Amino acid sequence: MKTAARSTCPHVFCNFYRVIFSIVLRVLLSPEVHEYFPQLTSMDQFISDFLVGKNFQQLATNFVPHYTTLVSKVGGIISPENLDRLQAALKEAKLKDVADIIEELLMAAENAPLDVAVIGESGTGKSSFISALQGLSYEEEGSVSVGIVETTMKKTPYQHPKYPNVTLWDLPGTGTPNFRPHEYLEMVEFAIYDFFIIISSSWFSLNDALLAKNIKEIGKKFYFVRTKVDNDLYNEEKSKPTSFKRERVLQRIRDNCLANLSHIGVPEPCIFLVSNFDLDDFDFPILEETLLKELPVHKCYTFVLLLPNLSDAFIKMKRAFLKEKIWLDALKSSALSFIPFMACFNGFDLPQQEKCLNLYQSHFGLDEKSVKVITEKLSMSLEEIKSFTKSLNFWLLVQDDSIADKTMKCAECYCLVHGGLPSTLFQFFKIYFLHLKFINTVADDAKILLHKTLESLSLGR
Ligand SMILES: Nc1nc2c(ncn2[C@@H]2O[C@H](COP(=O)(O)OP(=O)(O)O)[C@@H](O)[C@H]2O)c(=O)[nH]1
Ligand SMILES: [Mg+2]
């Protein structure tokens, strides 16, 4: 939520409106009506208590246990050290510090550059892997050229189409007989990459192992990705139709790669089997989860957003990160609201809200362009898709009763203590709950569409 000047303050809130507002509140909050009100989550309650100006010492004590329930299993935007900083500032009611720390963390998370190096011989599936990470099909404009034999020794950057701070680097192969890993890493400017992915579609070579050792020595992470396992399965099934067992074939590939890499000197290599044509199958989801666990905290937000919606678990993870961001933004605005003359709350502006919804749709692959691709995949019209989803209708979301109900509930808490509520604060709660509604609905729809797509794929197989 962007900040804008706070136009009204509690002290100058017009008496007339205060009386009217209290009457409306009393009616709305009568026990009969109250029963139907949706419950606030503990995080919503935290924001509400914060704005009321409750005991900050107590809020500081509650902060970390509350925060851990908010984030996904791979963690959140805030590292343990920064959690301590925030908690300390809260405890001493240093609200400007609270706002500054949150601002710093959000800026770092949103602007963190991510540079991924992809290395492998020509033909192993590097370009296909990069396209897959970009979420682009081969035919799409801006996608990487697949099936082109490399003739240069240059590295090629591919900027992610949705997230400009993410660059996927196609690095030249390591296939020369007198390969010198040290010189190679110097040539490709190893320091700029967050991690290296070494790709092979058959055996990993001695050069790959030498490279891995050198990458480790310079303190960077590497992962081995064995592509085209769909081909191996297909060939094996064709050649041994009666004894074919999918898991056994995959285990054999994994064991072979492990034995081969250990033999050429890579201790405990991390190997992921993938098919660039079928990312939700095989080890691609585990690869992404592993990368997330090992990335520095401030880079996780960027990485999570770029992940395609391959499974319920990934959609859940994206939802958790985005909800955390909304919550931190709200906490920052709340902290600033205590500081005189500080701009803190946005007005409720419908076009602005629609833009926000569009952004969340884009994060979950439900933007106009992606929905068009889905309609083609499912052989459905846009109207049919809209009949079982909710997030494609902005007005339906804005007019949702639960947002007004939750806003009233927070307003009640504030009014009980202060006797009235500035209109800017009312709008703040409305925007906060609306954004949470956007995320939950878009994520639910992403799940529904994922399942429909998987169903239609399995029927077509
Ligand atoms: N079956 C299968 N084919 C793949 C896979 N990845 C790439 N390919 C095909 O392998 C060929 C070479 O792929 P490309 O991405 O251009 O490899 P690069 O030279 O390493 O960039 C192309 O025909 C791709 O369609 C995969 O996982 N499975
Ligand atoms: Mg290529």
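Residues numbered from 1 in each chain as written. Chains lettered and ligands numbered in written order. Predicted model: local features only at pLDDT ≥ 70, side-chain atom pairs only at ≥ 80, totals over all residues. Heavy atoms only, no water.

Taking an unreviewed UniProt entry as the reference, the protein chain is identified by name as Interferon-inducible GTPase 1-like belonging to Odobenus rosmarus divergens. What UniProt states about the protein chain under its Sequence similarities (unreviewed entry) heading is, verbatim, "Belongs to the TRAFAC class dynamin-like GTPase superfamily. IRG family." (UniProt positions renumbered as here; feature names shortened; annotations may be inferred.)

This part covers the pattern of salt bridges. One pass over the full model with this rule turns up 22 salt bridges. Between arginine 246 and aspartate 281 there is a salt bridge, with its nearest N and O atoms 2.9 Å apart. Pair noted here: arginine 246 is in helix 11 (residues 246-263) and aspartate 281 is in the loop between strand 6 (271-273) and helix 12 (284-294), with a separation of 35 residues, a long-range link. Given a relative accessible area of 32%, arginine 246 falls into the partly exposed group. Residue class for aspartate 281 comes out partly exposed when judged on its relative accessible area of 22%. As a salt-bridge pair, lysine 293 and glutamate 289 come within 3.5 Å of each other at their nearest N and O atoms. Taken together, the residues lysine 293 and glutamate 289, both in helix 12 and 4 residues apart, mark about one turn of the helix. In the salt-bridge network here, residues are joined through shared partners; they are Glu110, Lys325 and Asp329. (Salt bridge = Lys/Arg side-chain N within 4 Å of Asp/Glu carboxyl O. Helix = DSSP H or I, 4+ residues; strand = E, 2+ residues; numbered from the N terminus. Buried < 20%, exposed > 50% of the residue type's maximum accessible area, 1.4 Å probe, protein only.)

Moving on to the packing of aromatic side chains. Overall, the coordinates contain 21 aromatic pairs when judged by the stated rule. Both rings, one in phenylalanine 63 and one in tryptophan 327, keep their centres 6.0 Å apart while their planes meet at 20°; by these two values the pair is stacked. In this pair, phenylalanine 63 sits in helix 4 (residues 56-70) while tryptophan 327 sits in helix 14 (residues 312-336), placing the two residues 264 residues apart along the sequence. We classify phenylalanine 63 as buried; its relative accessible area is 1%. With 6.4 Å between their ring centres and 90° between their planes, phenylalanine 195 and phenylalanine 303 make a pair best called edge-to-face. (Phe/Tyr/Trp six-rings, centres within 6.5 Å; stacked < 30°, edge-to-face > 60°.)

Now for unusual backbone geometry. For lysine 228, which is not glycine, the phi torsion reads 60° and is therefore positive. By the element assignment, lysine 228 lies in the loop between strand 5 (221-226) and helix 10 (229-239). With relative accessibility at 31%, the residue lysine 228 sits in the partly exposed group. Not every positive phi belongs to a glycine, and phenylalanine 282 is a case in point at roughly 60°. For phenylalanine 282, the location among the structural elements is in the loop between strand 6 and helix 12.

Pairing is mixed in the open sheet, where 6 strands are placed in the order 2-3-1-4-5-6. The open sheet has two free edges, formed respectively by strand 2 (156-159) and strand 6, since each of these has just one partner strand. Along the sheet, successive strands turn relative to each other by an average axial angle of 25°, direction set aside. Across 6 bridges, strand 4 (residues 195-200) lies against strand 5 in parallel orientation. Paired with isoleucine 199 across the strands is valine 225, a residue of strand 5. Contacts from helix 13 (residues 297-306) reach strand 1 (114-120), strand 3 (166-171) and strand 4, with the element oriented near 60° to strand 1. (Pairing = 2+ DSSP bridges. Axes fitted to C-alpha atoms, helices over the stretch in contact; angles between N-to-C directions. Contact = heavy atoms within 4.5 Å.)

Once that is clear, we can look at the packing of helix 12 against helix 13. The N-to-C vectors of helix 12 and helix 13 enclose an angle of 160°; their axes lie 9 Å apart at closest approach. Classified by the interaxial angle, the pair formed by helix 12 and helix 13 is roughly antiparallel. Two secondary-structure elements touch here, helix 12 through Glu288, Leu291 and Leu292 and helix 13 through Cys300, Phe303 and Val304. Partitioning the contact of helix 12 with helix 13 into residue classes produces 5 nonpolar, no polar and 1 charged. (Parallel < 35°, antiparallel > 145°, perpendicular 65-115°, else oblique. Nonpolar A, V, L, I, M, F, W, Y, C, P; charged D, E, K, R; others polar.)

This brings us to the nonpolar core. Counting 105 residues, the largest nonpolar core has Ile47, Phe50, Phe129, Phe303 and Trp327 as the members making the most contacts within it. Per-element accounting of this core gives the leading share, 14 residues, to helix 20 (residues 423-460). Structurally, this core is a two-domain feature, drawing no fewer than three residues from each of domain 1 (10-110 + 308-460) and domain 2 (112-277). By size, the runner-up hydrophobic cluster in this structure holds 30 residues, among which are Ala117, Phe179, Phe224 and Ile253. (Core = buried A, V, L, I, M, F, W, Y, C linked by side-chain atoms within 4.5 Å. Domains from an automatic or database assignment.)

Here we take up the pairing of strand 1. Burial runs high along strand 1: 7 of the 7 residues are buried. Residues Leu114, Val116, Val118 and Gly120 of strand 1 are buried on one face, and the alternating residues Asp115, Ala117 and Ile119, pointing to the opposite face, are buried as well. Sheet analysis places strand 1 next to strand 3, joined by 6 bridges and oriented parallel. Within strand 3, the position partnered with isoleucine 119 by the bridge is leucine 171.

Within the secondary structure, threonine 375 sits in helix 16 (residues 368-378). Apart from the residues within four sequence positions on either side, threonine 375 is in contact with Met380, Ser381, Leu382 and Ile385.

Taking burial as the measure, the 6 residues of strand 4 include 6 buried ones, the bulk of the element. Across the two faces of strand 4 the burial is the same, with Phe195, Ile197 and Ile199 and Phe196, Ile198 and Ser200 all buried. Across 5 bridges, strand 1 lies against strand 4 in parallel orientation. Bridge pairing in strand 4 places valine 116 opposite phenylalanine 195.

With that out of the way, let us pick up helix 6 (residues 95-111). For helix 6, spanning 17 residues, the distance from its first C-alpha to its last is 24 Å, which sits close to the expected 24 Å at 1.5 Å a residue. Within the sequence span of helix 6, burial applies to Leu95, Val98, Ala99, Ile101, Ile102, Leu105, Leu106 and Ala109. What you see down the axis of helix 6 is that its buried residues fit within an arc of 165°, all on one side. Buried residues along helix 6 sit in contact with helix 3 (42-52), helix 4, helix 5 (80-91), helix 13 and helix 14. (Expected span 1.5 Å × (residues − 1). Arc of directions from axis to C-beta.)

This part takes up the packing of helix 10 against helix 11. For any two helices packed against each other, the geometry is given by the interaxial angle and the distance between the axes. Packing of helix 10 against helix 11 leaves a shortest axis separation of 10 Å and a crossing angle of 125°. As far as their axial angle goes, helix 11 and helix 10 are oblique. Between helix 10 and helix 11 the crossing geometry is right-handed. Contacts from Val229, Asp232, Leu233 and Glu236 of helix 10 reach helix 11 at Arg246, Val249, Leu250, Arg252 and Ile253. Partitioned by chemical class, the residues of the contact of helix 10 with helix 11 number 5 nonpolar, no polar and 4 charged. (Left-handed = near helix turned anticlockwise from the far one by under 90°.)

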